[in-house]
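Each chain is listed here by its residues.
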Amino acid sequence: MTIKDIARESGYAISTVSRALNDHPDVSEEAKRRIAAIVAAKGFVPNSNARQLKRQQAKSVAFIVRGTSNLFFADMLVELQRLVGEAGYEGVVEYVGETADEVAAAQRVCRELKPRGIIFLGGDSRNFRKGFDKIDLPCVLATTVSDELRFENLSMVGVDDKAAGRAAIDYLVERGHRDILVLGTDPECSSPGKMRLEGVRQSFEAHGIPFGPARFLQAEFSMAGGYAAMKAFLEAGGRASAVFAMSDVTAIGAVRAILDAGLSVPGDISVLGFDGIPMARFYNPQLATMRQPAAEIAGQSVKLLLRCIETHQPARTVLLQAEPLDGESVRSIEHR
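The present account deals with the structure reproduced in this document. (Residues numbered from 1 in each chain as written. Predicted model: local features only at pLDDT ≥ 70, side-chain atom pairs only at ≥ 80, totals over all residues. Heavy atoms only, no water.)

**A closer look at the overall build of the protein**
Okay, so step 1: Secondary structure summary: the protein contains 13 helices and 12 strands in total.
Okay, so step 2: Based on the C-alpha atoms only, the size of the protein along its principal axes is roughly 90 × 45 × 30 Å.
Okay, so step 3: At a minimum sequence separation of 6, the contacts of the protein that also span at least 24 residues come to 70%.
Okay, so step 4: Of the roughly 16000 Å² of accessible surface on the protein, 50% is carried by carbon and sulfur atoms.
Okay, so step 5: Computed over 40 positive and 42 negative side-chain charges, the inter-centroid distance for the protein is 5 Å. (Helix = DSSP H or I, 4+ residues; strand = E, 2+ residues; numbered from the N terminus. Contact = heavy atoms within 4.5 Å. Areas by Shrake-Rupley, 256 points an atom, 1.4 Å probe, with all protein chains shown as cover. Lys, Arg positive; Asp, Glu negative; His and termini not counted. Charge placed at Lys NZ, Arg CZ, Asp CG, Glu CD.)

**Section: the packing of helix H10 (residues 223–235) against helix H11 (residues 248–260)**
Okay, so step 1: With their axes 6 Å apart at the nearest point, H10 and H11 run at an angle of 40° to one another. Taken together, H10 and H11 sit at an angle that is classed as oblique. In this structure, H10 meets H11 at a crossing whose hand is right-handed. Residues Met223, Gly226, Tyr227, Met230, Lys231 and Leu234 of H10 touch H11, and the partners they reach there are Val249, Thr250, Ile252, Gly253, Ala254, Arg256, Ala257, Ile258 and Asp260.
Okay, so step 2: Along the lines of polarity and charge, the residues of the contact of H10 with H11 split into 9 nonpolar, 3 polar and 3 charged. (Axes fitted to C-alpha atoms, helices over the stretch in contact; angles between N-to-C directions. Parallel < 35°, antiparallel > 145°, perpendicular 65-115°, else oblique. Left-handed = near helix turned anticlockwise from the far one by under 90°. Nonpolar A, V, L, I, M, F, W, Y, C, P; charged D, E, K, R; others polar.)

**A word on the nonpolar core**
Okay, so step 1: Residues Val182, Met230 and Phe244 are the most contacted members of the largest nonpolar core, which totals 74 residues.
Okay, so step 2: The residues contacting Phe244, other than those within four sequence positions of it, are Ala168, Ile169, Leu172, Ile180, Leu181, Val182, Leu183, Val200, Leu272, Gly273 and Phe274.
Okay, so step 3: Listed in part, the 22 residues of the second largest apolar core include Ala106, Cys110, Val145 and Leu154. (Core = buried A, V, L, I, M, F, W, Y, C linked by side-chain atoms within 4.5 Å. Buried < 20%, exposed > 50% of the residue type's maximum accessible area, 1.4 Å probe, protein only.)

**Focus on helix H2 (residues 14–21)**
Okay, so step 1: Those residues of H2 that sit buried are Thr16, Val17 and Ala20. The buried residues of H2 all sit within an arc of 100° when viewed along its axis, so they share a single face. (Arc of directions from axis to C-beta.)

So this is what it looks like as structure tokens:
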């Protein structure tokens, strides 16, 4: 039995039967019941292979998203979906864990869905060095620019993370802070984290401030990660006048840990984030942050990918700038 047979027996159009089988909301309950009864009586099994083939034949772009707690990626993904949709492509999203191999996931997506191109949101340069040469379609690495990656089919769009790391510490030092704690992910697992940390070190050195191991704590790019790292630091007797967290969600977690310890933000400890997610503007206190131009990153990523897909242009790298955005979570202090 085929979907055409069900349509003929039920009296409904093939398109209606198809939507009913996929539980589409615009099909009446009566039609769904009638079609379900025929399916049960005849033992009909949908042809998933045919459905998969139809999807493969569509003009699709895959988004490989690293991590599930990064609100910056979540907001950007909405814009990316909109842009590729306007260009006539279907966006297919694949999430991988913070420590998963996103390139291996991309290889599987290429085999199963055969997209026309891939946009990676976040990535570990080690995984790209290890396995990206097995991917031969146009790709864009969004939010990450790494000098270590040079592939003819891999464009990169992101901010100058080294300059942004320097600017973040400069921002705090200009407001009188010298006892600064930095929260960031493992620099060996994150190209942006590695570059931001290098910029941080450069700023500390330029201002004559020692940067020892005690000034850097590893924390996952999540609220829970920021909370756990900051809580452990305070419980161990650690003290700082300011914290620079390498993502807004990490910063929000750190703020909560500071408040739970009976301290105030920014009265006791100032907190500076990174990304510029919308939530930062509505958090209490409003979060000061290094804002990434999310819309521009999304627009440039889609533009480069479609240019490579449709006109076979070579890969390019676009480097943008993050900028400090004032908020209530950082105060100026005076040294006496």
